[in-house]
Amino acid sequence: MVAFVKDAEFQSFFAKGCMLVHVSMALWRVVFERRLEDLAWDWPRQVVGDLALALSWVFFLVYSWREKYD
């Protein structure tokens, strides 16, 4: 996130996009990377990392929602 951007709608849009990218990458790893021998040993750890990053954006959205409606 860019610290000087004060537009909450843009930050929410950006966070939703990042969450979608991380979930898409996790699905890509589960569906395709596990089939490739060179990448097969590494995909479970990367899927967990992708989902953790997506969850961090969900926490950001929840926090910004709480600020907005508190």
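What you see is a predicted model, and the numbers here were worked out from it, not measured in a lab.

Here we look at the overall build of the protein
So, step 1. The secondary structure content of the protein amounts to 2 helices and 0 strands.
So, step 2. Buried positions account for 20% of the 70 residues belonging to the protein.
So, step 3. Contacts in the protein between residues at least 24 apart in sequence constitute 54% of all its contacts with a sequence separation of at least 6.
So, step 4. A total of about 5,700 Å² of accessible surface is found on the protein, and carbon and sulfur atoms cover 68% of it.

Looking at the packing of aromatic side chains
So, step 1. Counted by the stated rule, this structure contains 4 aromatic pairs.
So, step 2. Between Trp28 and Phe32, the aromatic rings sit 4.4 Å apart at their centres with planes inclined by 40 degrees, giving tilted as the arrangement.
So, step 3. With a centroid separation of 6.0 Å and 85 degrees between ring planes, the pair formed by Trp57 and Phe60 is classed as edge-to-face. Of the two residues, Trp57 and Phe60 both sit in helix α2 (residues 43–69), 3 residues apart, roughly one turn of that helix.
So, step 4. Among the residues examined, Phe60 registers a relative accessible area of 25% and is labelled partly exposed.

Some remarks on the pattern of salt bridges
So, step 1. Considering all chains together, one arrives at 3 salt bridges under this definition.
So, step 2. A salt bridge links Arg29 to Glu33; its shortest N-O distance comes to 3.4 Å. One exposure class covers both Arg29 and Glu33, and it is buried.
So, step 3. Among the ionic pairs, Asp50 bridges to Arg29, the shortest N-O distance being 2.6 Å. Remark: Arg29 occurs in helix α1 (residues 8–31) and Asp50 occurs in helix α2; sequence separation between them is 21 residues.

Looking at the environment of Gly17
So, step 1. By the element assignment, Gly17 lies in helix α1.
So, step 2. A sequence separation of 37 residues divides Gly17 from Ala54, and the C-alpha atoms of the two residues are 9.8 Å apart.

Quick word on a nonpolar patch on the surface
So, step 1. A grouping of Val21, Met25, Trp28, Val31 and Phe32 is seen on the molecular surface, where their side chains present a nonpolar patch of about 440 Å² in accessible area.
So, step 2. Relative to the helices and strands, Met25 resides in helix α1.

As for the side chain of Glu33
So, step 1. Locating Glu33 in the fold gives a position in the loop between α1 and α2.
So, step 2. If we skip the residues at most four places from it in the chain, Glu33 touches Trp28, Leu39, Ala40, Trp43 and Gln46.

Basis of the calculations
- Residues numbered from 1 in each chain as written.
- Predicted model: local features only at pLDDT ≥ 70, side-chain atom pairs only at ≥ 80, totals over all residues.
- Heavy atoms only, no water.
- Helix = DSSP H or I, 4+ residues; strand = E, 2+ residues; numbered from the N terminus.
- Buried < 20%, exposed > 50% of the residue type's maximum accessible area, 1.4 Å probe, protein only.
- Contact = heavy atoms within 4.5 Å.
- Areas by Shrake-Rupley, 256 points an atom, 1.4 Å probe, with all protein chains shown as cover.
- Phe/Tyr/Trp six-rings, centres within 6.5 Å; stacked < 30°, edge-to-face > 60°.
- Salt bridge = Lys/Arg side-chain N within 4 Å of Asp/Glu carboxyl O.
- Patch = residues over 30% accessible without salt bridge, like charges linked within 9 Å, V, L, I, M, F, W, Y side chains within 5 Å.

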